[in-house]
Amino acid sequence: MVDDLFIGTFLKLNVKFFSGQDQLKLARRMHKKVISMALPPGIELVLAADAVPIFLCRVGDYSSQSFLRTARLYQNFVGWDLLARGVRFLRPLLGDRFFSDMIDQFLTTLYNTYEKYVAIAESEGTPLDACFGTRLLLGATWPNLKDIQGTLGYGTRCNWFSKVFEEVEQKSPLVFIEIPNSNSDYAEEMMVDSLNQAIAKLEQITGSTITNEKLRKKAMITNEIRESYLKILEIWSKDKIRLHPLTFTNLLSLLHIGYTDFLCDPKFFSQTLHQLATDLQHLKNGGFNTGLMPKLILVNAFGGYEPHLPEIMDNLGGRLLIADWEVLRILDKIDVNNGNMLQNYVHYLMGFESTWFDNTALVNRYIAIASKYKVDGILFNSLYGCKSITPSLKLFKTKLQEMNFALVDIGFQNVGDNIEQLKTRIGAILEIIREQKG
Amino acid sequence: MNILIRKIDLEMVYNRLSDLKSTGKKIIGVFPHTLIPDELIYAAGAIPIKLVLGGDDHLTAIGTEYLTQATCPFARGCIGYFDQSFSIYSLIDAFIGGNFCNGDLTASEMITKFFKIPWLRVTFPTTIQPFSLIFLKREYMRLKESLEVLLETQILPEDLFAAIEKYNKLRVSLFDLNRLMKEPISLMGTDLHNLMHLLFLLGPDEVFQIIDSLEMKPNNSAVGRIPILLSGSGIALGDELISVIEELNARVVVNDSWTGIYQYNEKITYSSAEAPIDILANYYLLKNESARMVPNVRRVPRVLKLIKEFNIKGVINHILKFCDPYIAHRIIFKTSLQDADIPVLELERDYATSLEQLKTRIGAFLEMIA
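Residues numbered from 1 in each chain as written. Chains lettered and ligands numbered in written order. Predicted model: local features only at pLDDT ≥ 70, side-chain atom pairs only at ≥ 80, totals over all residues.

A. The arrangement of the overall build of chain B in detail. When helices and strands are tallied, chain B shows 15 helices and 8 strands. Relative to the 2.2 N^0.38 estimate, which gives 21 Å for 370 residues, the radius of gyration of chain B is 20 Å and therefore close to what a compact globule would have. Along the longest, intermediate and shortest principal axes, the C-alpha atoms of chain B span 55 × 50 × 40 Å. Across the 370 residues that make up chain B, the buried fraction comes to 53%. Intrachain contacts of chain B at a sequence separation of at least 6 include 74% that bridge at least 24 residues. (Helix = DSSP H or I, 4+ residues; strand = E, 2+ residues; numbered from the N terminus. Rg over C-alpha atoms; globule rule 2.2 N^0.38 Å. Buried ≥ 20, exposed ≤ 12 C-beta atoms within 10 Å, placed from the backbone. Contact = placed C-beta atoms within 7 Å.)

B. Focus on the pairing of strand E4 (residues 119-122) of chain B. Residue and element names in this part refer to chain B. Alignment of strand E3 (residues 94-98) against E4, held across 4 bridges, turns out to be parallel. Paired with Ile96 across the strands is Leu120, a residue of E4. One crossover worth recording links E3 to the parallel E4 by way of helix H5 (residues 102-115), and it is right-handed. (Pairing = 2+ DSSP bridges. Right-handed = clockwise from strand over helix to strand, strands pointing away.)

C. The arrangement of the interface of chain B and chain A in detail. Each partner contributes residues to the interface: chain B has 31 residues there, and chain A has 36 residues. Only H5, helix H6 (130-151) and helix H13 (324-328) of chain B provide two or more residues apiece to the side of chain B that touches chain A. The residue makeup of the side of chain B that touches chain A, split by class, is 16 nonpolar, 11 polar and 4 charged. (Nonpolar A, V, L, I, M, F, W, Y, C, P; charged D, E, K, R; others polar.)

D. Quick peek at the pairing of strand E3 (residues 150-155) of chain A. All names here are of chain A. Along E3, 6 of the 6 residues are buried, which leaves the element largely enclosed by surrounding structure. With burial as the criterion, each face of E3 is covered, one bearing Gly150, Leu152 and Tyr154 and the other bearing Thr151, Gly153 and Gly155. Where strand E1 (residues 34-36) and E3 come together, 2 bridges link them in parallel fashion. The residue of E3 that forms the bridge with Ile35 is Gly150. Of the strand pairs in this sheet, E3 and strand E4 (residues 174-178) are connected by 5 bridges, and their pairing is parallel.

E. Representation of the sheet that holds strand E1 (residues 27-30) of chain B. Residues and elements named next belong to chain B. The sheet built from 4 strands is open, its strands ordered E2-E1-E3-E4 with parallel pairing. The sheet is open, and its two borders are formed by strand E2 (47-50) and E4, each paired with just one other strand. Each neighbouring strand pair of the sheet contributes to a mean axis angle of 25°, computed without reference to strand direction. The sheet contacts of H6 involve E3 and E4, and relative to E4 the element is tilted by about 170°. (Axes fitted to C-alpha atoms, helices over the stretch in contact; angles between N-to-C directions.)

F. View of the nonpolar core. Of all hydrophobic cores here, the largest spans 242 residues; its most connected members are Ile54 and Ile297 of chain A. The element that contributes the greatest number of residues to this core is helix H8 (residues 189-202) of chain B, accounting for 8 residues. Here this core spans two domains, and each of domain 1 (2-291 + 323-357) and domain 2 (292-322 + 358-438) of chain A adds at least three residues to it. Excluding residues within four positions of it along the chain, Ile297 of chain A makes contact with Leu321, Ala323, Tyr366, Ile369, Ala370, Val375, Ile378 and Leu379 of chain A. (Core = buried A, V, L, I, M, F, W, Y, C linked by C-beta atoms within 7 Å. Domains from an automatic or database assignment.)

G. Representation of unusual backbone geometry within the structure. At the junction of Val299 of chain A and Asn300 of chain A, the peptide bond is cis and its omega measures out at -5° in the coordinates. One can find Asn300 of chain A in the loop between strand E7 (295-299) and helix H14 (309-315). Each neighbour pair has its own omega, and for Val294 of chain B with Pro295 of chain B the value is -5°, a cis peptide bond. Note on placement: Pro295 of chain B falls in the loop between helix H11 (276-286) and helix H12 (299-309).

H. Local environment of the domain arrangement of chain A. Residue and element names in this part refer to chain A. Structurally, chain A comprises domain 1 (2-291 + 323-357) and domain 2 (292-322 + 358-438). Counting residues at the interface gives 33 residues for domain 1 and 34 residues for domain 2. Contributing elements (two or more residues each) for the side of domain 1 that touches domain 2: helix H7 (96-123), helix H8 (132-141), helix H11 (212-236), helix H12 (245-258), helix H15 (324-327) and helix H16 (341-355). Among the elements that line the side of domain 1 that touches domain 2, the one with the most residues is H12, at 7 residues. Along the lines of polarity and charge, the residues of the side of domain 1 that touches domain 2 split into 18 nonpolar, 10 polar and 5 charged.

I. View of H5 of chain B. Counted at 1.5 Å a residue, the expected span for H5 of chain B with its 14 residues is 20 Å, and the 19 Å between its end C-alpha atoms agrees. H5 of chain B sits mainly inside the fold: 10 of its 14 residues count as buried. Along H5 of chain B, the residues that are buried comprise Asn102, Gly103, Asp104, Leu105, Thr106, Ala107, Ser108, Glu109, Met110 and Ile111 of chain B. The secondary structure elements touched by the buried residues of H5 of chain B are helix H9 (159-169) and helix H17 (359-372) of chain A together with helix H4 (73-83), E3, E4 and H13 of chain B. (Expected span 1.5 Å × (residues − 1).)

J. Summary view of the sheet that holds strand E8 (residues 319-321) of chain A. Residue and element names in this part refer to chain A. Taking strand neighbours across the sheet as the criterion, the 4 strands line up as E8-E7-E9-E10 in an open arrangement whose pairing is parallel. The two strands at the open ends of the sheet, each matched to only one other strand, are E8 and strand E10 (406-412). For this sheet, the mean angle separating the axes of adjacent strands, direction not counted, is 30°. Each of strand E9 (377-383) and E10 is contacted by helix H19 (residues 419-437), which is oriented at about 175° to E10, the strand it contacts most.

K. Layout of the packing of H11 of chain A against helix H13 (residues 266-281) of chain A. Residues and elements named next belong to chain A. Across the interface, H11 lies against H13 with an axial gap of 9 Å and an inter-helix angle of 25°. Taken together, the axes of H11 and H13 are roughly parallel relative to one another. For H11 against H13, the interelement crossing comes out left-handed. Within the contact between the two elements, H11 uses Ile221, Thr222, Glu224, Ile225, Ser228, Tyr229, Lys231, Ile232 and Ile235 and H13 uses Pro266, Lys267, Phe269, Ser270, Leu273, His274, Leu276, Ala277, Leu280 and Gln281. (Parallel < 35°, antiparallel > 145°, perpendicular 65-115°, else oblique. Left-handed = near helix turned anticlockwise from the far one by under 90°.)

Next up, the structure:
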């Protein structure tokens, strides 16, 4: 598992992931406006307004991570590739244990940050009954208000999610995009108006004009990111993979989070993902054979999930696919050839809403993606407090009766709750799948 | 406590609806709340009945098997009634629901999938903007067309104007009735609650007859009772909350929720030159009183105005557990009222909360403000 860290591209992503505070400082120094993101849709508008998108949930105090400090310092002097080589060189001196401990420390610090934010949200009055994702989002927003100039919010089918932004608006300017829960032609007309309003607000906050051409250029870069992301998902599904299975799932977790703000630097993210997709295609020493490992797709990740899941799955001999952004059509390409970028962007956003037009649509979409990647079953994240997607469980069960898919539902409210129960339930389903596979 | 309008006899409602159905009338269920115009259904010659039954913890538990524990108990209870083939709901030919809230959308999906009742879906905008108004007009037009197909009829503009007039007249009558409660008369909040639920189940014509038959008298037992405004999540038929409050030393003079004054505090103003669908969309969106809208700007000013008009001494903010719009608005609401020196009791509960427990909390609040 330790070897994986030495792949330069993976190292870069990890370092960037934990650099949120520095990125905010940099934006301040460069007099850039910062817009808080809760989901990826709309990021092209933020970029076209010359602003910096940030997913505040990953911004934390990681200064205790000495490796991270050193890595950033050296990267500034010698560049990423030399840094990766340097780390590889140091490995015999420091020993494998040092690096595994370091990965553990990263993850522990990240989970501690999550817990800290959730506690802040609760102390500020967010109900315990709210889903983990919105508690985390609000808790990450309040202490970072001084560093953001606005928040991108959404009116989607989930009324609670929409209402959360009303609360944010009390303390920070809100750019609100209404995405109608409808597939009618006049829904598109409404979206055009809604986007125009959001653009005007962004322009007011940033002082920059969003032109058709700027939006096209940003969409071209983000389309490249989408292409690489999809390649990485495709590689995940192969029977032989370069990365240790746990590292690969951790990578998917990292991409899932990182895609929300492209880790603040879309060019970097695009190049790194492209390189990573290339690196991952080259098996080293035959790679890891995962053909016999049961594979489950997580439904869903974006409302928040138990961060120990990848590790639990790995310990039990299974693999976990996190592919929400593909399921929600957020990895669909934006048309950059047609002249009117606003219209193209509307189509893109309407595609996203269409995937969860209702839960029947969502169930069908998850199953389609599960089939595409040949997974063996569904790991249903019964996210406590979610009134939108969690109620799809019965629809999943009804649908899967007709198909050869296993399903296990696991509860999740807070990090670290019911770990033993999770192990038992996941262990049981993996056993069943193994028996079916013979 | 003397009740003028008795608790609703559901068997009577069933028989009445059955009789109407046997004459060829169709019964259209409406997932309640505040964005579906009953006028449209009425104008189509059908009977709109709101799916207002609730308050039953057992049926709520049955609904949990379809939805989730974290769905509001009202939506879960609604499913429970369908699961148990409850008599009145078994008469429904089709129902209207949409994305008013998560409970509405997910319950509607379950009702159509598992109980095979045709669903006429309406999408509601989240914001109140010129573009959302245009959108809602088109949704209403689509709903009108769906009703016309389902009911094999044509909804003419004159039918719609007549329905608007009828509901307007009803709004005025109901508000006049509510205004009488400023004085200590025999009418209690429980009476109005029962009257509203009759309206939800039987339509306006039956309710006019009841209003006409009411005899208001001064009532000594109403003197000295603390006038309360009840805001927040609606009170389902079968939920005893208003009776519980009035068993104590209080009167629910204003029920500021979708089961109360929302339905009649403003009538529809229009000119006959306007298209009726536009009139309805203007009214239901621009005058929307629901906390679901983003931003929700009308609730606090409305409540402050009603407090003044009805000389209210205390507010109970009723939050049905997991009712998102009111949970999200709880802090803003409480702070705004406290800033205006209005005592507020925040009452978050579900149908499993014991009535005794409610009485204790409400009793303590009333003692404090007496």
